[in-house]
Amino acid sequence: MAVGATAPPVRHPVGVEAKKRDGGETPFLVAARASHLACAERLVHKHKADPRAVNVRGEAVLHVAAQHGALIEVIDRLVDMECDIAAKKEDGATPLLVA
């Protein structure tokens, strides 16, 4: 490559089910972790994000939300979006045990 030339952009998967490299979280998992309900609902209802998605550690949406101190109202709305309340992480923990 010549001096001053730039490398072509690196292509990453783009889309509602694309996963971050460092934790394997989808945009829906990120929105739920941050308690951004409007964003989470839009991803599920408009863009058909999978409400049962898991990250590389096997944590489902409710695990992630509970670990980050989501209020009961947030958890209720995520359950309404059909998130798996019985999901088990790699160590067998359910969202209730994580909370």
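Everything below is about the structure printed above this text.
(A) Broad picture of unusual backbone geometry. Even without being glycine, Lys48 reaches a positive phi, approximately 60°. Backbone geometry places Glu82, a non-glycine residue, at a positive phi of 75°. Relative to the helices and strands, Glu82 resides in the loop between α4 (72–80) and α5 (95–98).

(B) Structural detail: α4. Of the residues making up α4, those classed as buried are Val74, Ile75 and Leu78. All buried residues of α4 fall inside an arc of 100° around its axis, so they share one side. Turned more than 90 degrees off the buried face of α4, the exposed positions are Ile72 and Asp80. Buried residues belonging to α4 abut α1 (27–33), α2 (37–45) and α3 (61–67).

(C) Layout of the nonpolar core. Counting 20 residues, the largest nonpolar core has Phe28, Val61, Leu78, Met81 and Cys83 as the members making the most contacts within it. At the level of elements, α1, α2, α3 and α4 are the ones that each hand at least two residues to this core. Residues within four places of Met81 in sequence aside, it is in contact with Phe28, Leu37, Ala40, Glu41, Val44, His45 and Pro51.

(D) Main features of the side chain of Glu59. Residue position: Glu59 is located in the loop between α2 and α3. The exposure class assigned to Glu59 is buried, which follows from its relative accessible area of 6%. Looking at Glu59, its side chain comes within polar contact range of the side chain of Arg57, at 3.3 Å. Side chain to side chain, Glu59 and Gln67 meet in a polar contact 3.1 Å long. Leaving out residues up to four positions away in the same chain, Glu59 has contacts with Leu29, Ala53, Val54, Val64, Gln67 and Lys89.

What counts as what
Residues numbered from 1 in each chain as written. Predicted model: local features only at pLDDT ≥ 70, side-chain atom pairs only at ≥ 80, totals over all residues. Heavy atoms only, no water. Helix = DSSP H or I, 4+ residues; strand = E, 2+ residues; numbered from the N terminus. Buried < 20%, exposed > 50% of the residue type's maximum accessible area, 1.4 Å probe, protein only. Arc of directions from axis to C-beta. Contact = heavy atoms within 4.5 Å. Core = buried A, V, L, I, M, F, W, Y, C linked by side-chain atoms within 4.5 Å. Polar contact = N/O pair within 3.5 Å; in protein donor to acceptor, adjacent residues only side chain to side chain.

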